Amino acid sequence: QVQLVESGGGLVQAGGSLRLSCAASGSRFSIKTMGWFRQAPGKQRELVAIIISGGTTNHADSVKGRFTISRDNAKNTVFLQMNSLKPEDTAVYYCRVTDTFSASYWGQGTQVTVSS
């Protein structure tokens, strides 16, 4: 059973920075894609950023230039560096990983709150 452990959320003032981490363990297969999603109250969960095993990344337009996704393949860990945070970035952030057989797993979520 794949387990994802997220960390790094918290409360920060607008303009500040946070770094999220998500470590995956227990996968029988190679992890192909790692990504971050977020869900604000009353809204649908949305993609924030995704990175595949070769290093190609994709960031949502709303976070381009402010957030950067990266990964450590040796440790099956994905990071999300969030700079210039805005109140509208407030949400629960979820890590998701997908293995080479397209099975996906979600983390428990970590709260990010940005005060104005």
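None of the values given here were measured: they were computed from a predicted structure.

Reading the values: rules and limits
Every residue gets a number counted from 1 within its own chain, in the order that chain's sequence is written. Under the rules for a predicted model, residues below a pLDDT of 70 receive no local features and side-chain atom pairs below 80 are neither given nor counted, while totals for whole chains, interfaces and linings still include all residues. Only hydrogens and water are removed before side-chain values are computed, so all heavy atoms of the structure are retained for them. When the sulfur atoms of two cysteines come within 2.5 Å, that pair is taken as a disulfide. Helix numbers and strand numbers start at the N terminus; a helix is a DSSP run of H or I with at least 4 residues, a strand a run of E with at least 2. Burial classes: relative accessible area under 20% of the type maximum marks a residue as buried, over 50% as exposed, and values in between as partly exposed (1.4 Å probe, protein chains only). Here, the term nonpolar core denotes a set of buried Ala, Val, Leu, Ile, Met, Phe, Trp, Tyr and Cys residues that are joined through side-chain atoms within 4.5 Å. Two residue types count as positive, namely Lys and Arg, and two as negative, namely Asp and Glu; His and chain ends fall outside the count. By definition here, a salt bridge exists when the distance from a side-chain nitrogen of Lys or Arg to a carboxyl oxygen of Asp or Glu is within 4 Å. Pairs of N or O atoms are called polar contacts if they sit within 3.5 Å, as long as, within protein, a hydrogen donor faces a hydrogen acceptor (for residues adjacent in sequence, only side-chain-to-side-chain pairs). Working rule for contacts: check all heavy atoms of both residues, and any pair within 4.5 Å makes them a contact. Only when DSSP finds a minimum of two bridges between them are two strands counted as paired. In this description, a line fitted to the C-alpha atoms serves as the axis of each element, helices being fitted only across the stretch in contact, and the angle between N-to-C directions of two axes falls anywhere from 0 to 180 degrees. Between 30 and 60 degrees the pair is tilted, below 30 it is stacked and above 60 it is edge-to-face, where a pair is any two Phe, Tyr or Trp rings, Trp via its six-membered ring, whose centres lie within 6.5 Å. Lysine NZ or arginine CZ positioned within 6 Å of the ring centre and within 35 degrees of the ring normal marks a charge as sitting over the ring.

Attention shifts here to the state of the cysteines. According to the stated counting rule, one finds one disulfide in the structure shown. Across the disulfide from Cys22 sits Cys95; the S-S distance is 2.2 Å. Disulfide Cys22 to Cys95: torsion about the S-S bond roughly -75 degrees, handedness left-handed. Taken together, the positions of Cys22 in strand E3 (residues 18-25) and Cys95 in strand E9 (residues 91-99) put the pair 73 residues apart, joining distant regions of the chain. Here Cys22 matches Cys95 in class, with each residue buried.

Once that is clear, we can look at the nonpolar core. Ranked by size, the top nonpolar core spans 28 residues in total, and within it Trp36, Val48, Phe67, Val78, Leu80, Met82 and Tyr93 carry the most contacts. When residues of this core are traced back to their parent elements, those giving at least two are E3, strand E4 (31-39), strand E5 (46-52), strand E7 (67-72), strand E8 (77-82), E9 and strand E11 (110-115).

Quick look at the side chain of Asp99 now. Among the secondary structure elements, Asp99 is positioned in strand E9. One buried charged residue, Asp99, remains without a salt bridge, the closest side chain of opposite sign being Arg28 at 8.7 Å. At a separation of 2.8 Å, a polar atom in the side chain of Asp99 contacts the main-chain amide nitrogen of Phe101. Contacts of Asp99, omitting those with residues within four sequence positions, involve Ser27, Phe29, Ser30, Ile31, Lys32 and Tyr105.

This part covers the sheet that holds E7. Across the sheet, which stays open at both edges, the four strands sit in the order E1-E3-E8-E7 with antiparallel pairing between neighbours. Of all the strands in the sheet, just strand E1 (3-7) and E7 have a single pairing partner and so form its edges. Across the sheet, the mean angle separating the axes of adjacent strands is 15 degrees when strand polarity is ignored. In terms of strand pairing, E1 meets E3 through five bridges, oriented antiparallel. Bridge pairing links Glu6 to Cys22 in E3.

So, on to the packing of aromatic side chains. Scanning all chains against the criterion turns up three aromatic pairs. Ring centres of Phe29 and Phe101 lie 4.7 Å apart, and the angle between their planes is 55 degrees; on these two criteria the pair is classed as tilted. Of this pair, Phe29 sits in the loop between E3 and E4 while Phe101 sits in the loop between E9 and strand E10 (104-106), placing them 72 residues apart in sequence. Each member of the aromatic cluster is reached from another via a ring pair, and the members are Phe37, Tyr94 and Trp106. Over the face of the ring belonging to Phe79 we find Arg19, whose NZ or CZ atom lies 4.1 Å from the ring centre.

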